[in-house]
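Single-letter residue listing:
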Amino acid sequence: MSKYFFYVLVATFVVLAVIIGTAADSKTGPKLGYIDPNKVLQNYDKWVNFQKQMQDEIAKYQAELDKIKDQNQKQQKYLEYQQLINNKIAQTQQQIEAEILAKVKEYAEVMGYDFIFNSTTMAYGSQAYNITDAFIKYLKTSKK
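This structure is a prediction, so every number in the text was calculated from the model and none was measured.

Chemist: What is the right way to read the UniProt feature "coiled-coil region" (unreviewed entry) in the protein chain from this model?
Modeler: Annotation from UniProt places "coiled-coil region" (unreviewed entry) at residues 51–78. From the first C-alpha to the last, residues 51–78 spans 20 Å; its make-up is 89% helix and 0% strand.

Written out as structure tokens, the structure is:
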């Protein structure tokens, strides 16, 4: 009888240890966070500098357009400049977004995040998981 009691006692402790271990794992779970990509982009130095550069370029094009008297030629030049500007913006934005995405991956690895989501594609995210400001700070202090 005491042998049987010993096995039941050991089995109970094993089951209890498994239950406690499983409960502890479910409380920690994966580390999650999300960022607002628009806010990140608007605070990324390369993007801010590019916007200033584009404003200067647009002003230069506008000055050239103002010199043209012929409306047909003016409209043709306007469309040409618009296409140049749109292409440059799209290309640069794509490059900068790729850099930011690489930085998100780097940040996740350094800070131990399992998942970092994009807030623009989420239906809801608790403010407690919003890491946008911390990520922006990381972007400003990290080297390229």
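Chemist: Got a minute to help me understand helix 5 (residues 132–141) in this structure?
Modeler: At 3.6 residues per turn, the α-helix brings residues three or four places apart onto the same side. Within helix 5, the full set of buried residues consists of Thr132, Phe135, Ile136, Tyr138 and Leu139. One side of helix 5 holds all its buried residues, which, seen down the axis, span an arc of 160°. Within helix 5, the exposed residues directed more than 90 degrees away from the buried face are Asp133, Lys137 and Thr141.

Chemist: What am I meant to see in the packing of helix 3 (residues 45–67) against helix 4 (residues 71–111) here?
Modeler: Packed helices, taken two at a time, are described by their axes: the angle between them and the distance between them. It is the contact of helix 3 with helix 4, at a shortest axis distance of 11 Å, that shows an interaxial angle of 175°. Comparing their axes, helix 4 and helix 3 come out roughly antiparallel. Judged by residue contacts, Lys46, Trp47, Phe50, Gln53, Met54, Glu57, Ile58, Tyr61, Glu64, Leu65 and Asp66 of helix 3 engage Lys74, Lys77, Tyr78, Tyr81, Leu84, Ile85, Lys88, Ile89, Thr92, Gln93, Ile96 and Glu99 from helix 4. Considering only residue class, the contact of helix 3 with helix 4 consists of 12 nonpolar, 3 polar and 8 charged.

Conventions we followed
- Every chain is numbered on its own, with residues counted from 1 as its sequence reads.
- This being a predicted model, a pLDDT of at least 70 is required before a residue's local features are given, and a value of 80 or more before pairs of side-chain atoms are given or counted; all residues contribute to the totals for chains, interfaces and linings.
- Side-chain numbers come from the whole structure's heavy atoms, not from hydrogens or water.
- UniProt positions are given in the numbering used here, feature names are shortened, and annotations may be inferred rather than shown by experiment.
- Secondary structure is summarised from DSSP: a helix means a run of H or I of at least four residues, a strand means a run of E of at least two, and numbering begins at the N terminus for each.
- Exposure categories follow from relative accessible area, calculated using a 1.4 Å probe and restricted to protein chains: below 20% of the type maximum is buried, above 50% is exposed, and the middle band is partly exposed.
- To be clear, the arc concerns the directions from the helix axis to the C-beta atoms.
- Axis lines are fitted to C-alpha atoms, over the contacting stretch for helices. Their N-to-C directions set the angle, which ranges from 0 to 180 degrees.
- For classification purposes, angles smaller than 35 degrees are called roughly parallel, those larger than 145 roughly antiparallel, those between 65 and 115 roughly perpendicular, and all remaining angles oblique.
- In what follows, residue pairs with any heavy atoms lying within 4.5 Å of each other are defined as contacts.
- Just so you know the grouping, Ala, Val, Leu, Ile, Met, Phe, Trp, Tyr, Cys and Pro go in nonpolar, Asp, Glu, Lys and Arg go in charged, and all remaining residues, Gly too, go in polar.

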